Each structure stands twice: as structure tokens, then as C-alpha cells.
Amino acid sequence: MRNTLIVLTVSVLLMIGCVGFGFGSGSSLPFERVTDEFDFDYQLSADGVVDVNVMNCYMNNIRILINGELQTSGSHTSSWDLLDEYGIRVEDGIYYIQIMLDDDVIETDMYEVYK
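These numbers come from a predicted model, not from an experiment.

A. The overall build of the protein, seen in detail. A tally of regular secondary structure across the protein gives one helix and seven strands. Listing each helix as α and each strand as β along the protein from the N terminus yields α-β-β-β-β-β-β-β. Classification of the 115 residues of the protein by burial places 32% in the buried group. In the structure as shown, the protein presents an accessible area of about 7200 Å², 52% of it carried by carbon and sulfur atoms.

B. Quick peek at the pairing of strand β4 (residues 61-71). Pairing geometry for strand β3 (residues 48-56) and β4, over seven bridges, is antiparallel. Counterpart to M55 in the pairing with β4 is N61. In this antiparallel pair of consecutive strands, β3 and β4, the connection spans four residues, and M59 shows a positive phi of 65°.

C. Representation of the nonpolar core. F38, F40, Y42, V50, V52, W80 and I97 are the most contacted members of the largest nonpolar core, which has 19 residues in total. Elements supplying a minimum of two residues to this core: β2 (38-44), β3, β4, β6 (93-101) and β7 (104-113). Aside from chain neighbours lying at most four places away, what touches I97 is F38, F40, V52, N53, V54, W80, E107, T108, D109 and Y111. Counting five residues, the second largest nonpolar core, distinct from the first, contains F31, M55, C57 and Y96.

What counts and what doesn't
Residues numbered from 1 in each chain as written. Predicted model: local features only at pLDDT ≥ 70, side-chain atom pairs only at ≥ 80, totals over all residues. Heavy atoms only, no water. Helix = DSSP H or I, 4+ residues; strand = E, 2+ residues; numbered from the N terminus. Buried < 20%, exposed > 50% of the residue type's maximum accessible area, 1.4 Å probe, protein only. Areas by Shrake-Rupley, 256 points an atom, 1.4 Å probe, with all protein chains shown as cover. Pairing = 2+ DSSP bridges. Core = buried A, V, L, I, M, F, W, Y, C linked by side-chain atoms within 4.5 Å. Contact = heavy atoms within 4.5 Å.

Here it is, written out as C-alpha cells:
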């Protein structure tokens, strides 16, 4: 029962983000609201090949930020300008930035894009 409730809650949050409903700035939801280009940090536990992708709320890839770049272990910073692969600003909604190290997902962070 508890697992079903968690899955339903996450599904509702994803659907809300996909249709573009926003929440007030006092929201306790697990994502950051962004309106313009922003930086994000990530940690690598080992040296390896890094891919960083932006995905929409349906988990479709909309932009590759880093593609097969060899990086060293430690702290790194990248940025996203809220543009898709065609250079068009994405619609308001929920987006994910996924960090992969040697083809393993090591981090996926959620952001709400709004105007």
C-alpha cells in the first residue's frame, strides 16, 4: 500500500510538471525553480567518461550538454541555458538533468522551468 502511494504521488507530480502547473516559491517539492541559465554541480567518484543530458518530464532526451567527455574524479560544474537541441527555449515544466559516468547514471536532478 505504501509503495503504491509513493508511486502515485510521484506520478501526480510528474503529470503536474508536464502540463506546466507551477507552485509558489514556498514549495517544499524536491526541485529547484529556474527562469534563466543556471549552473549545477556534480561529484564524480572516479575518473571516467561523462555524459550530461537534459530530459523532459516524459524522460525524452531534449539536449546533450556533455557528450563522452573524459573528466577526473571530484567536483565539477556545468550549466544549462534552458534551450533544447535546436536552440529553442523549452516550455515551462519539469526537466531532469542526468549525469552519467562510464554509462552508469550517478545523479538525476529535477528542475522546474518557468517564465
